[in-house]
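# Residue-level structural notes
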Amino acid sequence: MAVRGKRQILQRQLDARSKIWPDLNPDEVWRLENEGWVAMPRLMPLMMNIMDEMSGKGYPVSRTYLELWSRLREEQFLTLNRPEEMAFHAGFEGQRSLRTWKDRMLRLDELGFISLKDGPLGPISYAVVYNPYYIIKRAQLEGKVSERKWQALIIRANELSIFDPDDVGDDGKLIPKEEEQKSTAQKKPLKRPVKAKPTSKSG
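These lines cover the structure that appears in this document, whether it is placed above or below. (Residues numbered from 1 in each chain as written. Predicted model: local features only at pLDDT ≥ 70, side-chain atom pairs only at ≥ 80, totals over all residues. Heavy atoms only, no water.)

### Topic: the overall build of the protein
Tallying secondary structure elements over the protein gives eight helices and three strands in all. The N-to-C order of helical and strand elements in the protein reads α-α-α-β-α-α-β-β-α-α-α. Taking all 203 residues of the protein together, 27% fall into the buried category. Here the contacts in the protein between residues at least 6 apart in sequence split such that 52% fall between residues at least 24 apart. (Helix = DSSP H or I, 4+ residues; strand = E, 2+ residues; numbered from the N terminus. Buried < 20%, exposed > 50% of the residue type's maximum accessible area, 1.4 Å probe, protein only. Contact = heavy atoms within 4.5 Å.)

### Notes on the pattern of salt bridges
All chains considered together, the criterion is met by eight salt bridges. Between Glu142 and Lys144 there is a salt bridge; the shortest N-O distance is 3.0 Å. Considered together, Glu142 and Lys144 belong to a single accessibility category, that of exposed residues. A single network of salt bridges, built from pairs that share partners, joins Glu67, Arg71, Arg82 and Glu85. (Salt bridge = Lys/Arg side-chain N within 4 Å of Asp/Glu carboxyl O.)

### Here we look at helix H5 (residues 97-111)
When the terminal C-alpha atoms of H5 are compared, their 21 Å separation across 15 residues agrees well with the 21 Å that a helix rising 1.5 Å per residue should span. Ser97, Trp101, Arg104, Met105 and Leu108 are the residues of H5 that are buried. All buried residues of H5 project into a common sector of 100° when viewed along the axis, lining one side. Exposed positions of H5 whose direction lies more than 90 degrees from the buried face are Arg99 and Glu110. Just past H5, the residue Gly112 takes up positive phi, approximately 95°. (Expected span 1.5 Å × (residues − 1). Arc of directions from axis to C-beta.)

### Points about the packing of aromatic side chains
Counted by the stated rule, this structure contains six aromatic pairs. Between Trp30 and Trp37 the ring centres are 6.1 Å apart and the planes differ by 70°, which places this aromatic pair in the edge-to-face class. Centroid distance Tyr133 to Trp150: 6.0 Å. Interplanar angle 15°. Geometry classified as stacked. Of this pair, Tyr133 sits in helix H6 (residues 132-141) while Trp150 sits in helix H7 (residues 147-160); the two residues are 17 residues apart in sequence, bridging distant segments of the chain. Looking at Trp150, the relative accessible area reads 6%, which means it is buried. Aromatic rings pair up to connect Tyr65, Trp69 and Phe113 into one cluster. For the cation-ring pair, Arg63 lies above Phe92, with the distance from its terminal atom to the ring centre recorded as 5.4 Å. Positioned above the aromatic ring of Tyr59, the side-chain terminus of Arg107 is 3.8 Å from the ring centre. (Phe/Tyr/Trp six-rings, centres within 6.5 Å; stacked < 30°, edge-to-face > 60°. Lys NZ or Arg CZ within 6 Å of the ring centre and 35° of its normal.)

### A short note on the packing of helix H2 (residues 44-55) against H7
The N-to-C vectors of H2 and H7 enclose an angle of 155°; their axes lie 10 Å apart at closest approach. The angle between H2 and H7 falls in the class roughly antiparallel. In this structure, H2 meets H7 at a crossing whose hand is left-handed. In contact with Leu46, Met47, Asn49, Ile50 and Glu53 of H2, H7 contributes Lys149, Ala152 and Leu153. Within the contact of H2 with H7, the residues separate by chemical class into five nonpolar, one polar and two charged. (Axes fitted to C-alpha atoms, helices over the stretch in contact; angles between N-to-C directions. Parallel < 35°, antiparallel > 145°, perpendicular 65-115°, else oblique. Left-handed = near helix turned anticlockwise from the far one by under 90°. Nonpolar A, V, L, I, M, F, W, Y, C, P; charged D, E, K, R; others polar.)

Below is the structure:
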């Protein structure tokens, strides 16, 4: 969507808000001008729902994942040097809080949403966070995601023009852009050359 179009939508929303809440002080809502933002897919709530389903009843991983995501920057890499704090922020308290957090981290690693590496803090020292959509797509190909939630995900993604569901192949791997372009080019029908019409010569 063009920048101009986004600005027009924003202005319409602001106009509607001012009519419904005429006394609202803009400083009372969290705006992009405030510090402390992190980029997040609009699909995140549904993907977190699917994560918990994949992890199994009684072992939700979504809060742990969201806490990780809130610390991410563009490199999608974290040094996990504050585990007690991360466990508390993820909602785990008491004597078993750290143990429970570690269990959820290992589950996220097993499910493929993150990759953990050994280091000075033991087996959970570093983490890379993968694109959750691709992990869910691979799980769906293996029959590990309910059809209802998968359909909801791709419909919502289509509404937002986020991605093409076909950019992951039947083997569950991301299709490189070069191969995708070649495949598209091969499917296009060849155009026949247009024969030039003979020109009449004047005698």
